[in-house]
Each structure stands twice: as structure tokens, then as C-alpha cells.
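Read off the chains here:
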Amino acid sequence: MKLDRRNFIKLMVGGAVGLQVTPLPWKITDDIAIWTQNWPWVPVPAEGAFNQEASVCALCPGGCGIEVRKVDDRAVKVEGREDYPINPGGLCPLGMGSLQLLYNEDIRFTGPMKRVGPRGAGIFQDISWDEALEILVGRLTALRRDGRPEAVAAIDGNPVDSTVSLMIQRLLQTVGSPNYLRVPSFEDTDRLVNLLMQGGDGPIAYDLENADFILSFGCGLLEGWGAPGRILGLWGKWHDRENKHKPTVVQIESRATNTASKADQWIAAAPGTEAALALGIAHVIIKDGLYDRDFIEQKTFGFHPWNAADWKEHQGLQGLALSEYSPQKVQEITGVAADRIVSLARAFAKAKAPVAIWGKGKGDLNGSLYESMCIHSLNALVANINKPGGVLVLDRLPLKALPETPLDATAEAGLKQAPVGAAGDENSPFAANLLTRFNEAVLAAAPSPVELLMVFGANPAFTMPDGGSMRRALKAIPFIVSFSPFRDETAFMADLVLPDHMAFEKTNEIIQPRGIQYPLYGLGKPVVKPLYQTQEAGETILKLARSIGDTLQAAFPWKTFEEVMAFRAEGLFEAGGGLVRYKPSQPPWAWKPSTPSNSGFKSSKDMWQKIKASGLWYQPLDHQRAAMTTFRTPTGQFEFYSTRLEMKLKDLNKAPSSDLVCTPHYAPPSPPPDPSRYPLVMVPYDMLNLVSSWLPNPPFLNKTLFTDQLQKDISFAEIHPDTAKAYGLKQNDLVRVESAAGEVRVRICLFEGAMPGVVYLPFGLGHTAYDEFARNKGVNPNDIITAGADPLSGLPVWWKTPVQLNKV
């Protein structure tokens, strides 16, 4: 054959085609694949027998039931449990990706360590547990010996009422320090609303399963609000084509979030004006006579005008709403059209089971107390309290109290000292200590009044507003001890690290998950053996007490931390009733008539073993129990005007200057921002696939972010096209967002769902610690949130920061 150009091409094409039909290329490809799988750095799937471990997720306050799939001793998958009442089968992205937090040495401490580099650099040296405990015991003992136990402080991020939290408080008390501080959370707001309006000290609960109209004031139902597995599962049921009882969901917030976009109605109120909108709705309900007259007349105080014993006239909520919050006035404040306020109020009041809920974003952070009280007033107006589909008045779980703490003379003297950053004044009458005031006190003094700080289950250097202030305060404290299992920003500033187990390696309590309307105690068990030389924080506290000896050892007589939890759980047994097995055919929110709850517990020990096996104890709802619930306010009624607050202020020699102090109302910022310097407002927002708490984000979740949320190492601020036009900006422009607290650099994302004049930044980015997948990715909005204070609780204000925008 003549070898010309054409025949050469035919030869090559024919050879290539012929080669493909032979086994040779496929054999070579297979051999290469086998060869590369044997490289030592390539992960190899575990081999062995499959098994399942049922437990409870403790990565957020939701307390979802989980099932961990294992191959021999290695966990390979996490799924939602079908036999758990909170989240039958459902689970959030954090739960699904949580194994990346367990098996990632780059984000975990593998054992106790001491700092050998500059603070914040994360340079540590491995030490033994004996040496680590000796260092901490020596410092605690020295401060007590010198008569300065008040120089010790602790920051606690564990849930309120959890056993580990009580152990931390007990440790501080026996040492003699009044400086026990909590990281601000939703529990602070909810418990104060309950205390001031209903007289209880338990959490707020919502019967969403039976509601037919849900008025959500910024609650990110699809962004991880409450117990995410519960809400995501409910949303799916609500939108099932066969479901004939779908509730109407109305979302009130300034940005078109996922929840707002999928709700039946989205009402865009200006940031920070939700209280005014709630009272505008109340105005219409009262004016049109749509409120429940029997409930208002018989079971509430402070609705109608009245004369006090000193003949002082009080206008009551009725007079306040009718005179100050007409739809026209509220339209000027919120930007919501007056006719829409009227139609919304009438739809809410005429529903059979309406409920108004609060807690912005994921609901993890505290909110405005007056705003929450305004929203809760709507539930009282329609009398949907302790009824199906409404708000439930819950008491704390009947867990057994720990024995009285023994104190020696050193501890008694230390506890008499004023806490660093003490609260409890007229601006925060019900708060003991506030973390923001603690920062201010540490920075104002030289040297620091705190010499030893212990941090448990928290990362305040990242999660607190005005993050620069928190980091400066930490730098001023001579010695910091972190009990974090993770290499977080606060742990990087520690001098000593005593790492806790990760959640899958220890027993975790879930104390009444947020929003759950029936009493529930969850217990997550270890599903894998500890991977590293870590130790449960409760066990570390017991060892500390034994090492110090004397009164401290007497205050902690238990041999193990599990003994302490079992001791407290005896209270559940003594309260009677309760179930430890969930049957999907008998949901606890069914409101069936009460029947004796014979759980078959022979003893409290028997009950504890069954709780350990199933992961829960709960009591179903029933008509009788809810109907028996009474308000425990000074008047014995639901209070629109808080007499408890009035009496507290009088005790502080600060009698209320007006009715507004004790009545739910809209409180504009004081002083107002300077529009010439800060003409815009920055509002942070939560995303379901970004962890915004003290935990790191599983690296897999970063892959779910869009390129207009995170592009390489730069995150985005969402603004409306009109705002961009006013500042001469376009998509992807690099800008500085500046507030009085600092500045961050981001790119611009044009978003029609953003309110004009508002800049939106996502929570969860901007870490300076952890691993390469989290570190230096985007910005943290907490760094520029000005640490203002709520006018009643004294807690930080998160959701509205005056800012300016400048192109880089």
C-alpha cells in the first residue's frame, strides 16, 4: 500500500479504533487504578463487619436522634433516627458531615498541650495529663493560698442546666470565685420572656406540629432554626401533596432568605423594627375586637388602663397599641404597607391555631427582649397559650439538684467580692454577669483583675460581637486554660489546653431542646472509643478537685462524671411517669387525653440504664397537664405589664420612669447612628450549610457554597442593585465594610432579595484557626458588630450595625 498522507491517516484511525476493541487499554487502566490505590497516602475504606449505633447529636441545641453506621470500630456515616421523636429520620448538613470533625487531626487537639509560641499563633508542645493537671492545680492553689480566689474566672458555652455546666459553676464556687460567665444565647432571651410575662424560669416551646398559622419574626426555619431535624422534617410534611392540613407560614425579615422565599408570604420589614410591626398587628386585633375577651379579662394583667395604689394612671397595652402603633405610623417605621399590616393581623387572629415565634436566623443568639415580648403578646391576644398549635409554658426538667456546695473561709471571702464586669443594675436587672462587661472591665484595669481564665465549650474570640475587643481582653489575662477539643481561635490564645472529647466519644446530655413542646431529656452515648489522648471535661473537673483536696474534694464526691449525670436523672424517676421508647404511631405532640404512664421502671438505676440504651426520656403532651399549668407571676396572670420587673427596679432604687419600661414596646436605637458617617446598616445572616457556633465547619460543607458566596478566600456581601448603583459598584467589586468596631473586605454580590440600604454578611466564615479548609476563608461579621447592649437584658445587640461602604 502506498504510504501517502491519506493512507497514513486511515492507518492511524483504524489502529486507534482497533485498539479500543481489544482488552489492552482497559487492562492498563485497571492496573493503574489498582496501583494508585496502593499509594500509602491514599485513604483506604475500612474493612470489617457493619453495625449501627443509635445515639443523640449534641453538636447543636436541637438534640436530634442519630444512627451512626460503623465498619468495625470506625464510624463511616451519620443518619437521622426513625425512632426518635424530635427528628424522625431527618438530619441537618452539620450532622451529616460531622464525622469530618471526629477524624480530622488538623482541627482537633490530640492531647494536653502548653503554649510555646506567641498568643494566637497556635504553637503548642505536647505534655502529659499529669503535667497539665499539675500546672492548673498549682495556679488554682496559689491564688487560694494568697487569698485571691476571685482572680479566677470561667467562660461556659455549655447548655443551661446541663450537668457539665453545673459542675463548672460548682468548681468556681468551691474555689471562691464569683466570675462565672456564660456565652450569650437564645436561652437568655427565652427564659427572661417566660419570667417577666408568665412567671416561669423554663424555656419557651412552640407546638408547630398542630399550628395552622405560623407568624415567624425572622426565624430561619430552613436555615437551621431550633431543632433543625424537626423543622426540616415538618417543612417536608407541610408541603406533601397529600397533606390537607398545611399551615400558612408568614416570614417577616428584610432579606429574601430560603425561608422567606418558600413561605406563603414574605413581609420585608426594616431591620430592627419587628417590635413595632408586632404592636401594629396588635393594634388591629384590639381595634377590631378580634382578641380573646375571656382570656384577656380573666387571665391577663396590664391590658386595660388602670390606676395604681398611688393613684398613678397606667394606659396598659391596649392604650399603648391604640395610641402609638396605628398601621399608618407603623408603616413609617417598618416600611410595611398599612393595608398589609391590617390583612395580616386579621388573618392571624381568625386562624384556629395561630402562633407567633421569634429567634432570628438559627435562633442560637439572644435577641431583643422588648421585641420578643411584643411578639409573645400576640400569642396572648389570641389566647393560644397552653393549647394545641400555640405556645407552651414549660417548667425546667425535674432533674435532681446537686448537694449544697461546701465552702471554706477562703471561698466565702472570694464569693463576697464583686464579679468582674458585674451586672444586675437597672440596665440588666436579671443578669448576674455579662461577658461584654467582663471584656470592658478587663481592658479598663491594669493589671487584669483576672489572672486565670478557664474556657469550656466556647470560642468567644470568634463568636462574640466586636471580636477585636474580646481578643484584646484575652491577651490581657495572664493565664488562659482551654478545654476545647478543637484548635479554635480562643484555644490558640490559651497557655494550657486540656482537650475535651469530641461529641461522638463521650456521653452528652440534651436538656429540653429549643422549641420542643414536651418535656424531653436526651442522652447521647459514645459511638467510638476516644481517638486521641483527650478527656471528658467533667472527668477533668473531678480530677482537679481530687488533686486540690480539702473542701474541693468534699464538694465532688462522685467517682465518675456519669455518676453525676445519673444522680441528677434520679429526679426524673422521682417525678413519676415518663417514657424511654418512642413509637412513631404515638407522637408526643398528639394532645391525647392523659393516661397513666407506666414505664416499668423498677428503680432510678433501672431507668438510667434504659435511658442510656434509648437515648431519651420524655413525657407526651395531654390536655390535662397543659390545662393545669398556671402563670407564676406576682399577679398570677399573664402580664403585659411586668410587675416582677417593676419590683426588681424598685429594689435597685430605680423606679420605672414610665410605663414603657415594664411594657412591651418598640425601642429605636439610642443614640441614633450618624447617617453622615454610617449611612448603611449591616445585618448578619445564617445559612444551613455554614456552622455559626463555636464549632468548625466540616470541610465538605464548604463545597456546597456558591461562587457568589465564597470565591477562593474572599466572601461576599449581598446588597441590592439600587444600593450598588448609588455607590458606583458592580458584581464582584472589592469593598471595605466599616463600622465603629472595625472593617472587613469582601466582594459585592448583587441580590434583588436584599433590602436597599442594607449590607448582608453571612455568619460562619472568617476563621483564623482550625485547618486549611476553614482558616482565612472569608470574613467574620462579628468583627464589625458594635457591642451595643439590649436596653433591658444588657445582652449584646447583633442584628443591626451602622456601617459605611467603600470601594477598594
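Residues numbered from 1 in each chain as written. Predicted model: local features only at pLDDT ≥ 70, side-chain atom pairs only at ≥ 80, totals over all residues. Heavy atoms only, no water.

(A) Local environment of the pattern of salt bridges. Applying the stated criterion to the full structure yields 34 salt bridges. Residue Glu-53 is joined to Lys-70 by a salt bridge in which the shortest nitrogen-to-oxygen separation is 3.9 Å. Residue Glu-53 is located in strand E1 (residues 50-56), and its partner Lys-70 is located in strand E2 (residues 65-71); the two are separated by 17 residues in the primary sequence. A residue is classified by how much of its surface remains accessible, and Glu-53, at 21% relative accessible area, is partly exposed. Classification of Lys-70 by relative accessible area gives buried; the value is 7%. Through salt bridges with shared partners, a single network forms among Asp-161, Arg-191, Asp-201 and Arg-396. (Salt bridge = Lys/Arg side-chain N within 4 Å of Asp/Glu carboxyl O. Helix = DSSP H or I, 4+ residues; strand = E, 2+ residues; numbered from the N terminus. Buried < 20%, exposed > 50% of the residue type's maximum accessible area, 1.4 Å probe, protein only.)

(B) Expanded view of the pairing of strand E26 (residues 714-719). For E26, the tally of buried residues reaches 5 of 6 residues, placing the bulk of the element in the interior. Relative to E26, strand E25 (residues 710-711) is paired through 2 bridges, and the arrangement is antiparallel. Opposite Leu-710, over in E26, you have Ser-715 as the bridge partner. The turn linking E25 back onto E26 is made up of 2 residues, and Lys-712 within it adopts a positive phi angle of 60 degrees. In this structure, E26 lies alongside strand E28 (residues 742-750), joined through 4 bridges in parallel fashion. Directly across from Ala-717, in E28, lies its bridge partner Ile-748. (Pairing = 2+ DSSP bridges.)

(C) Focus on the packing of helix H10 (residues 274-287) against helix H12 (residues 316-324). It is at 8 Å that the axes of H10 and H12 come closest, and there the two elements cross at 105 degrees. Here H10 is positioned roughly perpendicular relative to H12, judged by the angle of their axes. Across from Leu-279, His-283, Ile-286 and Lys-287 in H10, the residues of H12 making contact are Leu-317, Gln-318, Ala-321 and Leu-322. Split into classes, the residues belonging to the contact of H10 with H12 amount to 5 nonpolar, 2 polar and 1 charged. (Axes fitted to C-alpha atoms, helices over the stretch in contact; angles between N-to-C directions. Parallel < 35°, antiparallel > 145°, perpendicular 65-115°, else oblique. Contact = heavy atoms within 4.5 Å. Nonpolar A, V, L, I, M, F, W, Y, C, P; charged D, E, K, R; others polar.)

(D) Main features of the environment of Ala-422. You can see Ala-422 is positioned in the loop between helix H16 (409-415) and helix H17 (435-444). Taking the C-alpha atoms as reference points, Ala-422 and Asn-433, 11 residues apart in sequence, are found 5.0 Å from one another. Ignoring any residue separated from it by four or fewer positions in sequence, one finds Ala-422 in contact with Ala-432, Asn-433 and Arg-437.

(E) Highlighting the sheet that holds strand E11 (residues 265-267). Strand order in the open sheet formed by 4 strands is E11-E10-E9-E15, with parallel pairing between adjacent strands. At either margin of the open sheet sits one strand with a lone partner, and together these are E11 and strand E15 (354-361). The sheet shows a mean angle of 20 degrees between the axes of neighbouring strands, taken without regard to direction. Bridging between strand E9 (residues 213-219) and E15 involves 6 bridges; their strand directions are parallel.

(F) Summary view of the nonpolar core. Formed by 80 residues in total, the largest nonpolar core has its most connected members in Leu-208, Leu-215, Phe-217, Ile-281, Leu-378 and Leu-381. The element best represented in this core is H10, accounting for 10 residues. When sequence neighbours within four positions are dropped, the list of residues in contact with Leu-381 reads Ala-282, Ile-285, Ile-286, Tyr-291, Asp-292, Ile-296, Phe-303 and Phe-640. Of all hydrophobic cores here, the second largest spans 54 residues; its members include Ala-151, Met-454, Leu-496 and Ile-611. (Core = buried A, V, L, I, M, F, W, Y, C linked by side-chain atoms within 4.5 Å.)

(G) Quick look at the side chain of Arg-487. Relative to the elements of secondary structure, Arg-487 occurs in the loop between strand E18 (479-482) and helix H20 (489-492). Here Arg-487 occupies a buried position and makes no salt bridge, while the nearest side chain of opposite charge, Asp-126, is found at 6.2 Å. Separated by 3.1 Å, the side chain of Arg-487 and the backbone oxygen of Arg-108 make a polar contact. Apart from residues no more than four positions distant in its own chain, Arg-487 is found in contact with Glu-105, Asp-106, Ile-107, Arg-108, Phe-109, Met-113, Gly-122, Phe-492, Ala-769 and Tyr-770. (Lys, Arg positive; Asp, Glu negative; His and termini not counted. Polar contact = N/O pair within 3.5 Å; in protein donor to acceptor, adjacent residues only side chain to side chain.)

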